[in-house]
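For reference, the chains in residue letters:
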Amino acid sequence: MFATYLIGLREGLEATLVVSILVAFLVKSQRRDRLPQVWAGVGLAVALSVVFGSLIQYTSTSLLRTSESREFFEAVTSVAAVVFVTWMIFWMRRAARSIAGELRGKLTEALAVGSLAVAGMAFLAVVREGLETALIFYAAAESVAGGTGAGSLLALIGGIVTAVVIGFGLYRSALKINLSRFFTWTGALLILVAAGILKYGVHDFQEAGVLPGLNNQAFDISATLDPNAWYGALLAGMFNITAAPTVLELIAWVAYAVPVLVLFLRKPARPAATSARPGPAPAESGAAPATSDPTPAPATSGTAPAESAASTAASAEPAQPAAEPAAPVERPQPAAAAPSPRA
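Within each chain, residues carry numbers counting from 1 in the order of the written sequence. At least 70 in pLDDT is required for a residue's local features to be given in this predicted model, at least 80 for side-chain atom pairs to be given and counted, and no such filter applies to totals for whole chains, interfaces and linings, which use all residues. Neither water nor hydrogens contribute to the side-chain values; these are computed over all heavy atoms in the structure.

## Describing the packing of aromatic side chains
Both the distance between ring centres and the angle between the ring planes are used here to describe each pair of aromatic rings.
Reasoning step 1: In this analysis, rings of Phe, Tyr and Trp, with Trp reduced to its six-membered ring, are considered paired at centre separations within 6.5 Å, and the interplanar angle assigns stacked below 30 degrees, edge-to-face beyond 60, and tilted for intermediate values. A complete count under the given rule lists 5 aromatic pairs for this structure.
Reasoning step 2: Consider the rings of Phe90 and Phe264, whose centres lie 5.9 Å apart with planes at 90°: the pair is edge-to-face. In this pair, Phe90 sits in helix α3 (residues 67-95) while Phe264 sits in helix α9 (residues 247-265), placing the two residues 174 residues apart along the sequence.
Reasoning step 3: Owing to a relative accessible area of 23%, Phe90 belongs among the partly exposed residues under this scheme.
Reasoning step 4: Ring centres of Phe182 and Phe183 lie 5.5 Å apart, and the angle between their planes is 75°; on these two criteria the pair is classed as edge-to-face. With respect to burial, Phe182 and Phe183 carry one shared label: buried. Runs of E in the DSSP output that reach at least two residues are strands. Runs of H or I that reach at least four are helices, and both are numbered from the N terminus. When accessible area is computed with a 1.4 Å probe and restricted to protein chains, residues below 20% of their type maximum are described as buried, those above 50% as exposed, and intermediate ones as partly exposed.

Okay, here's the thing in structure tokens:
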């Protein structure tokens, strides 16, 4: 149940931050009249997410007749959930610094179009999180005992409610938390949750007969890791760590968790990109006094290199017309030398 709570908290907080950025922008821009369109788009996104989750559950329980088809469906949804979780975690880490500016820019364009554009922009900003939550929740809940029962659903709702409270506190400046550190810790935990979901998907593929090795266990540590103990249930419920996994399950869990965790926790190297910027500046600042007065020189150094290149090309063009008058000057010389023999 903690895994579904963590999913609701993480996805809910992302959606809450998006909505809070939109609302804060409208309030500061004195466009409170567009707030109903934003809430309408958010409500439609939530409703579509609920319908999508219900459709997945209905497909699994009612439309699929045989156990093999249900196992195969659950395996496919598990793999899809792992893909979405991985993409979401890395996307959030990359776009965390620029998401506010991008949303404000898109909302400004939507305000110029009309109310439907504002509602559509809010809908698209939230519906992605909602659809991911529905898919990941189903896969995570099915991977533990109890499935998508009342307990798992309440845990998901509890995580979403907690995210809404945190988002409202951030909007009102009542809470000050390090969002970068928060998303780093929750992202690392979600990677382990996704590894457990992938392990469960491999097990479903084995039960459906798609993959072999259902009875080929890697090890059995039931004497040490009691599945009925509280710590065994906690590890199984959060990360799907069991006492007797199959060989393919163990390979899938390790092959996903280890490299993805290393890539996620590794900080991107950005000093090389920043140190390369001052390079063209001295060249332009040195060339500026030769072509312009000292007064506009700072403006030239602050402009793009394309402008200096254009000015250089413009200064090079007049040199060719200067060469053309030189050609006619040499042509009259033979004509001037012609009269001399007559004389």
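Okay, back to it.
## Considering helix α8 (residues 230-239)
Reasoning step 1: Considered for burial, the residues of α8 that qualify are Gly232, Gly237, Met238 and Phe239.
Reasoning step 2: Any pair of residues with heavy atoms lying within 4.5 Å of one another is described as a contacting pair. Check the buried side of α8 and you find it contacts α1 (2-28), α7 (179-207) and α9.
Reasoning step 3: Two residues or fewer past α8, Asn240 is found with a positive phi of approximately 55°.

## Notes on the nonpolar core
Reasoning step 1: Of all hydrophobic cores here, the largest spans 36 residues; its most connected members are Leu13, Leu22, Leu103 and Leu107.
Reasoning step 2: Of all the elements, α1 adds the most residues to this core, at 12 residues.
Reasoning step 3: The residues touching Leu13, leaving out its near neighbours within four places in the chain, are Gly8, Ala163, Ile166, Gly167, Phe182 and Phe183. To qualify as a nonpolar core, a set must consist of buried Ala, Val, Leu, Ile, Met, Phe, Trp, Tyr and Cys residues joined through side-chain atoms within 4.5 Å.

## Overview of the packing of helix α2 (residues 35-63) against helix α5 (residues 115-142)
Reasoning step 1: Orientation is described by lines fitted to C-alpha atoms, with helices fitted over the stretch in contact, and by angles between N-to-C directions that extend from 0 to 180 degrees. Their axes nearest at 7 Å, the elements α2 and α5 cross at an angle of 30°. What the angle tells us is that α2 and α5 run roughly parallel. For the crossing formed where α2 meets α5, the hand is right-handed.
Reasoning step 2: Three residue categories are used. Nonpolar comprises Ala, Val, Leu, Ile, Met, Phe, Trp, Tyr, Cys and Pro, charged comprises Asp, Glu, Lys and Arg, and polar comprises the others, including Gly. When grouped by side-chain class, the residues that make up the contact of α2 with α5 number 17 nonpolar, 8 polar and 1 charged. Oblique is the label for every angle not falling under 35 degrees (roughly parallel), over 145 degrees (roughly antiparallel), or within 65 to 115 degrees (roughly perpendicular). Two helices cross in a left-handed way if the nearer one is turned anticlockwise from the farther one by less than a right angle. They cross in a right-handed way if the turn is clockwise.

## Regarding the pattern of salt bridges
A side chain with one charge may pair with a side chain of the opposite charge, provided their charged atoms come close.
Reasoning step 1: What makes a salt bridge here is a side-chain nitrogen of Lys or Arg within 4 Å of a carboxyl oxygen of Asp or Glu, nothing more. For the coordinates displayed, the defined rule picks out 5 salt bridges.
Reasoning step 2: We note a salt bridge from Arg128 to Glu129, for which the minimum N-O separation is 2.6 Å.
Reasoning step 3: Residue Lys199 pairs with Glu249 through a salt bridge whose shortest N-O separation is 3.3 Å. Taken together, the residues Lys199 in helix α7 and Glu249 in helix α9 connect sequence positions 50 residues apart.
Reasoning step 4: Lys199 sits in the buried class, given a relative accessible area of 6%.
Reasoning step 5: If you follow the salt bridges from partner to partner, you end up with Arg128, Glu129 and Glu132 in one network.

## A short note on a nonpolar patch on the surface
Reasoning step 1: A patch is a set of surface residues, each over 30% in relative accessible area and not in a salt bridge, joined within 9 Å for like charges and within 5 Å for the nonpolar side chains Val, Leu, Ile, Met, Phe, Trp and Tyr. Accessibility throughout is a Shrake-Rupley quantity obtained with a 1.4 Å probe, and a residue counts as covered only by protein chains that appear here. A contiguous nonpolar patch, built from Phe72, Val76, Val210, Leu211, Val247, Leu248 and Ile251 and spanning about 520 Å² of accessible area, is present on the exposed surface.
Reasoning step 2: Counting only elements with at least two residues in the nonpolar patch, the list comes to α3 and α9.
Reasoning step 3: Top element by residues in the nonpolar patch is α9. It accounts for 3 residues.
Reasoning step 4: Within the secondary structure, Val247 is located in helix α9.

## A few points about the confidence of the model for the protein
Reasoning step 1: As a per-residue measure, pLDDT reflects the predictor's confidence and takes values from 0 up to 100. Mean pLDDT over the protein works out to 75, with 75% of the residues at or above the 70 mark.
Reasoning step 2: Counted against residues more than four places away or in other chains, residues 273-343, with its pLDDT under 50, gives 10 contacts.

## Here's the deal with the side chain of Thr59
Reasoning step 1: Following the sequence through the fold, Thr59 ends up in helix α2.
Reasoning step 2: Overall, Thr59 belongs to the buried group, its relative accessible area being 16%.
Reasoning step 3: For this analysis, a polar contact is any N or O atom pair within 3.5 Å, provided that within protein one partner can donate a hydrogen and the other can accept it, and provided that sequence-adjacent residues contribute only side-chain to side-chain pairs. Within the structure, the side chain of Thr59 is placed 2.7 Å from the backbone oxygen of Leu55, a separation counted as a polar contact.
Reasoning step 4: Not counting residues within four places of it along the chain, the set of residues in contact with Thr59 comprises Leu64 and Phe73.

## What to know about the side chain of Glu14
Reasoning step 1: Relative to the assigned elements, Glu14 resides in helix α1.
Reasoning step 2: Exposure remark for Glu14: the relative accessible area of 2% places this residue in the buried category.
Reasoning step 3: Not counting the four nearest positions on each side in its chain, Glu14 is found in contact with Met88, Met92, Glu129 and Phe183.

## Things to note about the environment of Phe25
Reasoning step 1: If you trace the backbone, Phe25 turns up in helix α1.
Reasoning step 2: Overall, Phe25 belongs to the buried group, its relative accessible area being 19%.
Reasoning step 3: Measuring from C-alpha to C-alpha, the distance between Phe25 and Ala100 comes to 9.5 Å, with 75 residues separating the pair along the chain.

## Points about the packing of α7 against α9
Reasoning step 1: Remark: α7 packs on α9, axes separated minimally by 9 Å, with the N-to-C direction vectors making an angle of 160°. By the angle between their axes, α7 is roughly antiparallel relative to α9. Between α7 and α9 lies a crossing of right-handed hand.
Reasoning step 2: For the contact of α7 with α9, the residue count by class is 17 nonpolar, 5 polar and 2 charged.

## Things to note about the environment of Arg34
Reasoning step 1: Secondary-structure assignment places Arg34 in the loop between α1 and α2.
Reasoning step 2: Between the alpha carbons of Arg34 and Gly114 there is a distance of 9.3 Å; along the sequence they are 80 residues apart.
Reasoning step 3: When residues no more than four places from it in sequence are discounted, the contact partners of Arg34 are Leu26, Leu111, Gly114, Ser115 and Val118.

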